[in-house]
Amino acid sequence: MGMDGILVNALKKRFDVDIQSGCKQIVEGRGFSANNPLVDLDVYGFYDLMRLFHFSKGARKSNALTHNGEDGILDQITFEHFMEA
């Protein structure tokens, strides 16, 4: 397997992990408020998760915060649903 194949496999694995983690968190009720955010998703994983549910990114605002004793960033992002019935 060449370098391209290795990179594609690594990205696919990361995509699968992010999607599974994000879906599980949504089912658990996370991500609907600043007090209970989605965690352990990078920006790309989060955008992939939103695309899975047919949302496109609008405005984005980021703020520093401490959550469970750890410093981090809270992104507040407006999305629009792009599918029509």
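Given the structure is predicted, the values throughout are model-derived calculations rather than measurements.

Caption draft 1: A look at the confidence of the model for the protein chain. Across the protein chain, the average pLDDT comes to 83, with 88% of residues at 70 or higher. By mean pLDDT, helix H1 (residues 3-27) is the weakest element of the protein chain at 80, and helix H2 (residues 43-52) is the strongest at 86.

Caption draft 2: Representation of H2 in the model. The complete set of buried residues in H2 reads Gly 45, Phe 46, Tyr 47, Asp 48, Leu 49 and Met 50. Near the N-terminus of H2, the side chain that reaches the backbone nitrogen of Tyr 44, with its oxygen 3.2 Å away, is that of Asp 42. His 54 sits one or two positions beyond H2 and adopts a positive phi of about 65°.

Caption draft 3: Focus on the pattern of salt bridges. For the coordinates displayed, the defined rule picks out 2 salt bridges. Between Arg 51 and Asp 48 there is a salt bridge, and its shortest N-O distance comes to 2.4 Å. Linking Arg 51 with Asp 48, this pair stays in helix H2, spanning 3 residues, or about one helical turn. Put simply, Arg 60 and Asp 75 hold a salt bridge, and the shortest N to O gap is 3.4 Å. In this pair, Arg 60 is assigned in strand S1 (residues 55-67) and Asp 75 in strand S2 (residues 70-81), connecting sequence segments 15 residues apart. Since its relative accessible area comes to 27%, Asp 75 is described here as partly exposed.

Rules used throughout
Sequence order sets the numbering: in each chain, residues are counted from 1 along the sequence as written. Side-chain atom pairs in this predicted model are given and counted only at pLDDT of 80 or more, local residue features only at pLDDT of at least 70, and totals for whole chains, interfaces and linings cover all residues. Values shown for side chains rest on all heavy atoms present in the structure; no hydrogens or waters enter the calculation. A residue's pLDDT is the confidence the predictor assigns to it, expressed on a 0 to 100 scale. Counting from the N terminus, the helices are DSSP H or I runs at least four residues long and the strands are E runs at least two residues long. The classification of residues rests on relative accessible area computed with a 1.4 Å probe and restricted to protein chains. Under 20% of the type maximum is buried, over 50% is exposed, and intermediate values are partly exposed. Pairs of N or O atoms within 3.5 Å make up the polar contacts considered here, provided that, within protein, one atom can donate a hydrogen while the other can accept it, and that residues adjacent in sequence are counted only when both atoms are side-chain atoms. Whenever Lys or Arg places a side-chain nitrogen within 4 Å of a carboxyl oxygen from Asp or Glu, that contact is recorded as a salt bridge.

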